[in-house]
Amino acid sequence: MHTEREELGKVYLVGAGPGDPGLMTLKGKGLLECADVVIYDALVSSAILMMINPQAEKIHAGKRRGRHSLIQEEITQLLIEKARDNTIVVRLKGGDPFVFGRGGEEMADLVKAGVPVEVVPGITSGIAAPAYAGIPLTHRSYSSSVTFVTGHEAAGKYSPVVNWQAIAHGSETIVIYMGIHNLPHIIEQLHAAGLSLETPIALVRWGTRPEQEELTGTLATIAAQMEAKEFSAPAIAVIGKVVKMHEILSSCRPLGKIDMAHVTEVIN
Ligand code: SAH
């Protein structure tokens, strides 16, 4: 018979970073190593999943396009149930849990249910993918401000709907998550708001992973380039003059495959 424990376990909302295992935080790694249960999303890399305590129960909460909200409720329910029977429950999300990761919503539901919960930030793909492509988001000559925005609002996933007019003029660098399917529409909106079609843009797919791919062009050329290369999600789009730095810096970027044993050797 199921006997409820007096004390609830704790749910840790952990950011797994963009993929390269070297970019996982020490706090997050420590939690994975002693977790009783880990519930993880589709974008968490296999290298990170290898850090999980072999005795832990692993549950893939795979979010499928279109079925997001229903599954989200199920995930929250699952977290509440698991916290009843376990001490350390890790909810592992790609990048940072609070950046387009529904972490805020999930955490609020857990708080409402009386479940102890804590967030462990991760490196968000919007910063890491451009960095690994040799694109700094700010630069004294090109940009003193950055906007992070979702390109998925057209599908009704986010509200209020993005004000592209304001975004176009709001900052020098624009970083778009989930924007690949909708990119031609986004470019149209930005151009209508007055952004030049000569503005540089870069797309970084599977950033920080061995399979990282990049595409650079301008707002005028990128749609055709994407089609020619069959470039698909998941990718980050970076728009702005900072993209010019790609030419200079991409040659010395980390290649995604970092040999941690070698790094340790060098450090010691
Ligand atoms: N919480 C995540 C974002 C989740 S939204 C974070 O902080 O990174 C999912 C979107 O993130 C994808 O559609 C894609 O735009 C972006 N993304 C996630 N991982 C990525 C990666 N390794 N490379 C490029 N883009 C990535």
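Look up: the structure comes first, before these words.
Let us look at the structure shown here. In this text, all values refer to a predicted model and were calculated from it rather than measured experimentally. Within each chain, residues carry numbers counting from 1 in the order of the written sequence. Only residues with pLDDT of 70 or above have their local features reported here, since the model is predicted, and side-chain atom pairs are shown and tallied only from 80 upward, although totals for entire chains, interfaces and linings are computed over all residues. For side-chain calculations, the full set of non-hydrogen atoms in the structure is used, while hydrogens and water are omitted.

What follows concerns helix H5 (residues 125–132). When accessible area is computed with a 1.4 Å probe and restricted to protein chains, residues below 20% of their type maximum are described as buried, those above 50% as exposed, and intermediate ones as partly exposed. Runs of E in the DSSP output that reach at least two residues are strands. Runs of H or I that reach at least four are helices, and both are numbered from the N terminus. Residues of H5 that are buried include every one of Gly126, Ala128, Ala129, Pro130 and Tyr132, and no others. Only heavy atoms matter for contacts: two residues are in contact if any of them lie within 4.5 Å across the pair. Tucked into the core, H5 has its buried residues touching strand E6 (146–150), strand E7 (173–177), strand E8 (200–205), strand E9 (213–218) and strand E10 (235–239). In the segment just after H5, Gly134 is the residue with positive phi, at about 75°.

If you check the shell around the ligand, you find 17 residues, and the closest are Val99, Thr124, Ser125, Gly207 and Ala235. A 3.5 Å cut-off defines polar contacts: any pair of N or O atoms within that distance qualifies, except that in protein one atom must be a possible hydrogen donor and the other a possible acceptor, and neighbouring residues in sequence count only when both atoms are side-chain atoms. Within the backbone of Gly94, an N or O atom sits 3.0 Å from a nitrogen atom of the ligand. Separating an oxygen atom of the ligand from a side-chain N or O atom of Ser125 is a distance of 2.7 Å. The protein chains shown are the only cover counted for residues, whose accessible areas, like all others here, come from Shrake-Rupley with a 1.4 Å probe. Burial of the ligand by the protein amounts to 92% of the accessible area it has alone, namely 550 Å². Throughout, the ten residues Ala, Val, Leu, Ile, Met, Phe, Trp, Tyr, Cys and Pro are labelled nonpolar, Asp, Glu, Lys and Arg are labelled charged, and all others, Gly among them, are labelled polar. Grouping the constituent residues of the shell around the ligand by class yields 11 nonpolar, 5 polar and 1 charged. As annotated, the domain borders come from an automatic or database domain assignment. When residues of the shell around the ligand are assigned to domains, at least three map to each of domain 1 (10–123) and domain 2 (126–252). Throughout this document, a residue counts as near a molecule or strand when at least one of its heavy atoms sits within 4 Å of that molecule or strand.

Here a Phe, Tyr or Trp ring, Trp counted by its six-membered ring, pairs with any other such ring whose centre lies within 6.5 Å, and the pair is stacked when the planes are under 30 degrees apart, edge-to-face when over 60, and tilted otherwise. If you walk through the whole model with that rule in mind, you get 2 aromatic pairs. Through pairs of rings, three or more aromatic residues link up here, namely Phe100, Phe148 and Tyr177.

For the rest of this paragraph, the subject is the sheet that holds strand E5 (residues 117–120). Here, strands pair whenever DSSP counts at least two bridges between them. What the 5 strands build is an open sheet, ordered E3-E2-E4-E1-E5; its pairing is parallel. Looking at which strands have only one partner, the edges of the open sheet turn out to be strand E3 (57–60) and E5. Strand-to-strand twist across the sheet, computed as the mean angle between neighbouring axes with direction ignored, equals 20°. Relative to strand E4 (residues 88–93), strand E2 (residues 37–40) runs parallel, the two being bridged by 4 bridges. By the bridge assignment, Val38 is partnered in E4 with Val90. The strands touched by helix H1 (residues 26–34) within the sheet are strand E1 (10–15), E2, E4 and E5, with E4 carrying the most contacts at an inclination of about 130°. To define axes, lines are fitted to C-alpha atoms, for helices over the stretch in contact only, and angles between the resulting N-to-C directions are given on a 0 to 180 degree scale.

Position of Leu32 among the secondary structure elements: in helix H1. What makes Leu32 buried here is its relative accessible area of 0%. Between the alpha carbons of Leu32 and Pro54 there is a distance of 9.7 Å; along the sequence they are 22 residues apart. If sequence neighbours within four positions are ignored, Leu32 has contacts with Met24, Val38, Ile48, Met51, Ile52, Asn53, Val90 and Leu92.

Remember that the coordinates give geometry; whether it matters functionally is a separate question.
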